[in-house]
Every structure is written in structure tokens, then in C-alpha cells.
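Given next are the chains, with one letter for each unit.
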Amino acid sequence: MNIFDSLKKQAFDVVTDVMGYNATWLSESITHVGKVGFKDPSEKQELSGISSWNPDEPFMEYRIGFFENLKTRVDNGNLEHVTIEGIGYFAVVEVKTKYDGETFIARLRHATP
């Protein structure tokens, strides 16, 4: 791993360790646990020129190595759920990969267990 990738991983881990939340995903009887960044937007203003922004949708961000195959399962049409400790239970609507190919953004919807 080159120095920039190593620094990126360290920075992500520091941010999620300090400001992140523990999240749990149960998939096929296997429990996956990891730290995630979580945002439940409170500002209800639209952002000009950004059609993909939905101010009412919460989302979580995680890096490669956590929640293996969550993106694949959601892309294949499986209904997946995550629990974010202290926040709640969510259905995973969509998972996108960020430009670096190693960071994932999961759009969430509040759900009932």
C-alpha cells in the first residue's frame, strides 16, 4: 500500500473512531459490525444543480473492509437493513462507490425491525 492510501485509511479511521457510530448488518446469519459516518440531514433546503441530493434521506459512509458484499446484495435487489447504535434501524436503499473506489455511501430509509 502506498503512503497516500495508508494516510487516507488512517484519516478515515480517525474520523469514524472519534465521530462515527457503531453499525451492525445481519446478512445470511452473519453479523457484520463496523464504524460508520452517519448523517441524517436536518436542513431541508435543496442544493442548486445537484439532483441526487435528497435532504430528507439519512446516509452512512463506510470504507472497504467493512460490510463486505452489502453493495452487491443491494445492487442485486436484496432488502438489507442496518442498525446504527443509538440512532435506529434502517433499510438500505442504495449503495454507491465514491471516486476512490474504496469508500461507500449507503442511502438509508428509516424502518421498523
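Here goes a summary of the coordinates provided.

Parameters at a glance
- Residues numbered from 1 in each chain as written.
- Predicted model: local features only at pLDDT ≥ 70, side-chain atom pairs only at ≥ 80, totals over all residues.
- Heavy atoms only, no water.
- Helix = DSSP H or I, 4+ residues; strand = E, 2+ residues; numbered from the N terminus.
- Polar contact = N/O pair within 3.5 Å; in protein donor to acceptor, adjacent residues only side chain to side chain.
- Contact = heavy atoms within 4.5 Å.
- Buried < 20%, exposed > 50% of the residue type's maximum accessible area, 1.4 Å probe, protein only.
- Core = buried A, V, L, I, M, F, W, Y, C linked by side-chain atoms within 4.5 Å.
- Pairing = 2+ DSSP bridges.
- Salt bridge = Lys/Arg side-chain N within 4 Å of Asp/Glu carboxyl O.

Digging into the side chain of Arg73
Looking at the element boundaries, Arg73 is found in helix H2 (residues 70-75). Engagement of the side chain of Arg73 in a polar contact is seen with the side chain of Glu80, the distance being 2.7 Å. Each residue touching Arg73, except ones within four places of it in the same chain, is listed here: Trp25, Ser27, Glu28, Asn78 and Glu80.

Focus on the environment of Gly20
Along the chain, Gly20 falls in the loop between helix H1 (3-19) and strand S1 (21-27). Residue Gly20 is classed as buried on the basis of its relative accessible area, which comes to 18%. A sequence separation of 19 residues divides Gly20 from Lys39, and the C-alpha atoms of the two residues are 9.8 Å apart.

Brief notes about the nonpolar core
Within the largest apolar cluster, 17 residues are counted, with the highest numbers of intra-cluster contacts made by Met60, Tyr62, Leu70 and Leu108. Only S1, strand S2 (30-39), strand S3 (59-63), H2, strand S4 (80-84), strand S5 (88-97) and strand S6 (103-110) provide two or more residues apiece to this core. Excluding residues that lie within four positions of it along the chain, Leu108 makes contacts with Phe38, Glu57, Pro58, Phe59, Met60, Val82, Ile84, Phe90, Ala91, Val92 and Val93.

Some details on the pairing of S1
Of the pairings in the sheet, the one linking S1 to S2 comprises seven bridges and is antiparallel in character. Bridge pairing in S2 links Tyr21 to Val36. With three bridges joining them, S1 and S4 adopt antiparallel strand pairing. If you follow Thr24 over to S4, its bridge partner there is Thr83.

Focus on the pattern of salt bridges
Enumeration according to the criterion identifies seven salt bridges in this entry. Between Glu57 and Arg107 there is a salt bridge, and its shortest N-O distance comes to 2.6 Å. Of this pair, Glu57 sits in the loop between S2 and S3 while Arg107 sits in strand S6, and the two are 50 residues apart along the sequence. Note that Asp75 and Lys71 form a salt bridge whose closest N and O atoms lie 2.8 Å from each other. Here Asp75 and its partner Lys71 are both found in helix H2, four residues apart, which amounts to about one turn of the helix. Since its relative accessible area comes to 48%, Asp75 is described here as partly exposed. Salt bridges here are not isolated pairs; linked through shared partners, they connect Glu57, Glu94, Lys96 and Arg107.

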